[in-house]
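Structure assessment
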Amino acid sequence: MKKLLALLLALTMCLGAYTAMAEALAPDDIEDTMTAEDGVYELAFVTDVGQLKDRSFNEGTWNGVKLYAAQNGMSYKYYQPANGDAATDDDRYDAMKAAAEGGAKVVVCAGFLQGNALTKAAIEFPDTNFVFIDGWVLTDEEGNALTNVAPIAFKEEQSGYFAGYAIVRDGFTKLGFSGGGGGTNPACCRYGYGFVQGAEAAAKEMGVDVEIKYSWSYGNNFSASTDLQTMISGWYETGTEIVFACGGSMFSSITAAASANDAYVVGVDVDQSYQSDTVVTSALKGLVNATTWAIGKNFDGTWEEIGGVQVSLGANDDAVGLPTETWSLESYTIEEYEATMQALKDGTLVVDDTVYEAGAVADLGWERVTVDYIE
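Residues numbered from 1 in each chain as written. Predicted model: local features only at pLDDT ≥ 70, side-chain atom pairs only at ≥ 80, totals over all residues. Heavy atoms only, no water.

**Some points on the pattern of salt bridges**
In plain terms, the rule: For this document, the term salt bridge refers to a Lys or Arg side-chain nitrogen within 4 Å of an Asp or Glu carboxyl oxygen. Numbering of helices and strands starts at the N terminus; helices are DSSP runs of H or I of at least 4 residues and strands are runs of E of at least 2. Remark: exposure states derive from per-residue accessible area (1.4 Å probe, protein chains only) relative to the maximum for the residue type, with buried under 20%, exposed over 50%, and partly exposed in between.
All chains considered together, the criterion is met by 21 salt bridges. With a shortest N-O distance of 3.8 Å, Lys-105 and Glu-42 are connected by a salt bridge. Of the two residues, Lys-105 sits in the loop between helix H3 (89–101) and strand E3 (106–110) while Glu-42 sits in the loop between helix H1 (2–24) and strand E1 (43–47), which places them 63 residues apart along the sequence. Given a relative accessible area of 40%, Lys-105 falls into the partly exposed group. Residue Glu-42 is classed as buried on the basis of its relative accessible area, which comes to 19%. A single network of salt bridges, built from pairs that share partners, joins Asp-28, Asp-32, Lys-53, Arg-55, Glu-59 and Lys-66.

Okay, structure coming up:
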């Protein structure tokens, strides 16, 4: 426990340092492709599904890879699994294998679907270190933790709470949540559960009733689709005011529906206000900083602190929150937000971190919130 606390304290300090460096060098200014003269790519990135440039989870993680490479004069490459959104474990493993054989010292693998392929790759390439974003401790056949895999997760329920609380405090009472991963992605489940908790807390304080349409439909592979856009348009047309778009490229379908109905959106993972004027705020997690920090552990001789060790980053690590500089909230103030953040940090506020899959969140006996689960 003492070792873990020391690790998290060091992480908080390092994330702050990396934030300052990121401000000096914007990831968007770094090319997505580069050519290594010797054909060796020292840093690699592998997605599970979804587009690389999704302006959300995949791109946020990729930006961390590019940023570390640019700051340290290293070569980097994105290895996309075959078959796109229909990629299999074998496709993901093949991409990891290509990265390791291509000379990668660190391979960053993003997404909860990476588990099986990453276990196989880590065992086959024990001298290559892997960063598993949104991951968990992987083990070999004998149950031993794979120490060349660093599992980095986030307390998305906290960020979801901030978003749900803020928009209800701002006057929204008819909400929507559209999640990716079909209700089996732990990160999206945490976001959704936290979102409802935050809405409930604000509704109690204000003495109002809140309705939430809650669905995983059309989000299995996190992709945009006409079916998703049609569903969300239907929500808006029947009174929904704002929808939490929780799933990568699904965002474009949801913002299209919002634009057509003069309605609003909550973004996810990164600040998505730059992509659509329908975005009121975004539920953030520190993908760039956490990825950069984890890669650095390979090169500063401290990999053993995170290899095979579960790290879960939240408010006390400055790894979740809302983008106060760009939000368009009108009634909820930055000072009120900072007070809520401090309450979470000092333990006065506790956000339940249970992962409720699919529609279970609708049956938890909310007092002021009614959750309409849509299959």
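**Focus on helix H8 (residues 250–260)**
Convention followed: In this description, contact between two residues means that some pair of their heavy atoms is separated by no more than 4.5 Å.
Those residues of H8 not exposed but buried are Met-250, Phe-251, Ser-253, Ile-254, Thr-255, Ala-257 and Ala-258. Tucked into the core, H8 has its buried residues touching strand E6 (174–179), helix H7 (226–237), strand E8 (242–246), strand E9 (264–269) and strand E10 (279–285). Positive backbone phi, at 50°, marks Asp-262, one or two positions downstream of H8.

**Concerning the pairing of E3**
Short version of the rule: At least two DSSP bridges between two strands are required for those strands to pair.
When you tally the buried positions in E3, you get 5 out of 5 residues, the bulk of the element. By the alternation rule, side chains of E3 split into Val-106, Val-108 and Ala-110 and Val-107 and Cys-109, which are all buried. Pairing between E1 and E3: 5 bridges, direction parallel. Along E3, the bridge assignment pairs Thr-47 with Ala-110. Here E3 runs beside strand E4 (residues 129–133); their pairing, made up of 5 bridges, is parallel. By the bridge assignment, Ala-110 is partnered in E4 with Ile-133.

**Observations concerning the nonpolar core**
Taken as a class, soluble globular proteins show a tendency for nonpolar side chains to be buried jointly. The test is simple: Each nonpolar core is a collection of buried residues, namely Ala, Val, Leu, Ile, Met, Phe, Trp, Tyr and Cys, held together in the definition by side-chain atoms within 4.5 Å.
Ile-167, Leu-175, Val-196, Ile-212, Tyr-214, Phe-244 and Val-369 are the most contacted members of the largest nonpolar core, which has 50 residues in total. The leading source of residues in this core is helix H6 (residues 186–206), at 10 residues. Counting 32 residues, the second-largest nonpolar core is a separate cluster that includes Met-74, Ile-152, Val-288 and Ile-306.

**Here's the deal with the packing of aromatic side chains**
Where two aromatic rings form a pair, the distance of their centres and the angle of their planes describe that pair. Here is the rule we go by: Two rings from Phe, Tyr or Trp (for Trp, the six-membered ring) form a pair when their centres are within 6.5 Å of each other. A pair whose planes differ by under 30 degrees is stacked, one over 60 is edge-to-face, and the rest are tilted.
A complete count under the given rule lists 21 aromatic pairs for this structure. Taken together, a centroid distance of 5.8 Å and an interplanar angle of 80° make the contact between Tyr-191 and Phe-244 edge-to-face. In this pair, Tyr-191 sits in helix H6 while Phe-244 sits in strand E8, placing the two residues 53 residues apart along the sequence. When sorted by exposure, Tyr-191 lands in the same class as Phe-244, which is buried. A ring pair is formed by Tyr-193 and Tyr-356, whose centres lie 4.6 Å apart and whose planes are at 75°; its orientation type is edge-to-face. With Tyr-193 in helix H6 and Tyr-356 in the loop between helix H10 (334–346) and strand E13 (369–374), this pair connects stretches of sequence that are 163 residues apart.

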